[in-house]
Amino acid sequence: MSTAELTGRFELARAAAREAAIATLAHFQSDLLAVELKGDASPVTVADRQAEEILRRRIAQDFPDDGILGEEFGEQPGTSGYRWIVDPIDGTKSFVAGVPLYGTLVGVEHQGRSVIGVIQLPALDECVYAAAGQGAWHVRGGSAPRPARVSSCSKLSEALFLTSELRYPTPDRQQVLARLVEATRVNRTWGDCYGYLLVATGRADVMIDPIMALWDAAALQPILEEAGGVLTDWQGNPTIYSGEAVATNGKLLDQVLAITRGA
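This section reports on the structure supplied with the text. (Residues numbered from 1 in each chain as written. Predicted model: local features only at pLDDT ≥ 70, side-chain atom pairs only at ≥ 80, totals over all residues. Heavy atoms only, no water.)

**As for the pattern of salt bridges**
Pairing between side chains becomes possible if they bear opposite charge and their charged atoms approach one another. Evaluation of the coordinates by the stated rule reveals 14 salt bridges. The residue Glu71 makes a salt bridge to Lys38 at a minimum N-O spacing of 3.0 Å. With Glu71 in the loop between strand E3 (67–70) and strand E4 (74–76) and Lys38 in the loop between strand E1 (35–37) and strand E2 (43–45), the pair connects residues that are 33 residues apart, well separated along the chain. According to the relative accessible area criterion, Glu71 is partly exposed, its value standing at 22%. Residue classification places Lys38 among the partly exposed residues on the basis of a relative accessible area of 24%. (Salt bridge = Lys/Arg side-chain N within 4 Å of Asp/Glu carboxyl O. Helix = DSSP H or I, 4+ residues; strand = E, 2+ residues; numbered from the N terminus. Buried < 20%, exposed > 50% of the residue type's maximum accessible area, 1.4 Å probe, protein only.)

Below is the structure:
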C-alpha cells in the first residue's frame, strides 16, 4: 500500500462522507419522512438510500477498480485490493426519531484490514477521521482539525460506559451489560457511531455492542487505533469481522474483557 494510494482515498473518504451526510439533513426531522422495515425489521428511509448512492457515485468516479460494500445496496466487487465499506446512516432509529446522534460511516479496507475511517455527524456538524499512520483528527463546525485522543482513565470504576441498546440477544450477554453498568461510574445509551466517536475523542471511556454489521465496524478500527485506543471483539481480538465490538481507551481493555469474555 503506497502513501499515494492511501492519501488519495483518505481525501475522498472525508469529502464523500461529508457530502452524503449533509444530504441526509434534507430529510432529518421532516414530517414527510417515510420509514420502511427491512427483512431484519431494521428501519430504512429514502435518506439512507440517497446517501449511499452519493457515496457509491463518488467512489466509482475516482476509484473505479475498488470494491464497495454498503448496507443498502450490497456488494460490488473490485480488482484493486481496496474495498470501501459504507453505512450511509448509522443510527437510523435515532435519525427517524429526530435525534441528532446519527452519522455517516466510511471505511476503506486493504488486504483484510481497515486502514481509513470517517465518522461524520451532520446534525451536530462534527467529524472524526483517521488513516493508518496519519493520526486521528477531530473537527467541529468550521474549526481547524485537532488531534483526537482517547481518555487516560485507568479504573473501570471511574469510567463512562456507553452502549447502543439495553436489550442484548442472550441472557449471558444481558448479564455482561448488567455487570458493566454496575462496574462503571456513569453509563449512557449515547450509542451507534456517536458513542465510538466519544471514545475516540476522550469524552467516554468504554463502548460495547453485542451485534455489529461489518459496515458498522469498518470505519471505527483505524479511528480508535490512531487515537490511541483499541477496537476488539468480546474476546479481545482486534477485528472488524466478528459481528460485535468493544471500544476502549486501551487502559481499560483487560478490565472490560474480564467481564465480556466467555459471554
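Moving on from the model shown.
**Examining the nonpolar core**
With 36 residues, the main nonpolar core has Ile119, Tyr196, Leu220, Leu224 and Leu231 as its most contacted residues. Looking at this core, the elements that each hand over two or more residues are strand E7 (113–121), strand E8 (126–131), strand E11 (160–163), helix H5 (192–200), helix H6 (214–217), helix H7 (220–226) and strand E15 (245–248). Per element, the largest residue contribution to this core is seven residues, and it comes from H5. If we ignore the near neighbours within four places in the chain, the residues touching Ile119 are Thr104, Leu105, Glu126, Cys127, Val128, Cys193, Leu197, Leu220 and Ile223. With 25 residues, the next largest nonpolar core counts Leu6, Ala16, Trp84 and Val86 among its residues. (Core = buried A, V, L, I, M, F, W, Y, C linked by side-chain atoms within 4.5 Å. Contact = heavy atoms within 4.5 Å.)

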